[in-house]
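Residues per chain, in single letters:
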Amino acid sequence: ASAPLTRGFADGPASFLAQWLRRSGGCPGDGLTSAAPRTRMRTMSDHRSLSEPAPFTADDFAARLRRAAQSAHDAGLDGILVTPGPDLLYLTGYAPVAITERITMLVIPVDAEPAMIVPRLERPDAEAAAGASILRITDWTDGSDPYTESATLMAGTGRYAVSDSAWAMHLLGLQDRLPKSSY
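Computed from a prediction, not measured in an experiment: that's the story for all the values here.

Colleague: Is there a simple way to think about the overall build of the protein chain in this case?
Modeller: On a plain count of helices and strands, the protein chain comes out with six helices and six strands. Written out in order from the N terminus, the α and β elements of the protein chain read β-α-α-β-α-β-β-α-β-α-β-α. When contacts within the protein chain are restricted to residue pairs at least 6 apart in sequence, those whose partners lie at least 24 apart make up 53%. A total of about 9800 Å² of accessible surface is found on the protein chain, and carbon and sulfur atoms cover 57% of it.

The structure is reproduced here in structure tokens:
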């Protein structure tokens, strides 16, 4: 019998979404199929210790995003919306310096490439994340409507899972712009 899903950090730094993905099978090479620390073969030319875990690569994050999209598809959803927190870090390698009222959101559609919207002032940090090369990153500026910009990344009548770190004001803003969508 598998252990129940836990919320928060009771299972180490894994979030609820990461635990759910792990339980649903993970995918080879994404680090979800084993609780063991992730290591790679190293050569003597590496400057890090041979026992130090290897950093995650864009391929690792791509595998995680594919698995998340497949899980959403299997659940009959059109995608997953992920806001700053452990899930965003796990899926993209990006953790905003500050979590504010400004919307930052990863959209993982089941039938399109993942995209992330960030405030313009945070874009350079988002683009520096390990998984950024596999995302379409778009931004919005103060004074513009971030929910209209965010809505362009989503299906107008879609059903979406939402990370538990999402702010209600963001979901209400999205629901206002996409009234036929559900979360």
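Colleague: How should the side chain of Thr104 be read in this particular structure?
Modeller: Within the element layout of this structure, Thr104 appears in the loop between α3 (86-92) and β3 (105-109). Among the polar contacts made by the side chain of Thr104, one reaches the side chain of Glu122 at a distance of 3.4 Å. Residues within four places of Thr104 in sequence aside, it is in contact with Val82, Thr83, Pro84, Leu88, Tyr94, Ile117, Val118, Pro119 and Glu122.

Colleague: In this structure, what is going on with a nonpolar patch on the surface? I would like to understand it.
Modeller: Taken together, the side chains of Ile99, Trp167 and Met169 present a nonpolar region at the surface, about 290 Å² in accessible area. Of note, Ile99 is situated in the loop between α3 and β3. By relative accessible area, Ile99 is classed as exposed at 53%.

Rules behind the numbers
Residues numbered from 1 in each chain as written. Predicted model: local features only at pLDDT ≥ 70, side-chain atom pairs only at ≥ 80, totals over all residues. Heavy atoms only, no water. Helix = DSSP H or I, 4+ residues; strand = E, 2+ residues; numbered from the N terminus. Contact = heavy atoms within 4.5 Å. Areas by Shrake-Rupley, 256 points an atom, 1.4 Å probe, with all protein chains shown as cover. Polar contact = N/O pair within 3.5 Å; in protein donor to acceptor, adjacent residues only side chain to side chain. Patch = residues over 30% accessible without salt bridge, like charges linked within 9 Å, V, L, I, M, F, W, Y side chains within 5 Å. Salt bridge = Lys/Arg side-chain N within 4 Å of Asp/Glu carboxyl O. Buried < 20%, exposed > 50% of the residue type's maximum accessible area, 1.4 Å probe, protein only.

Shape descriptors only; they carry no functional weight alone.
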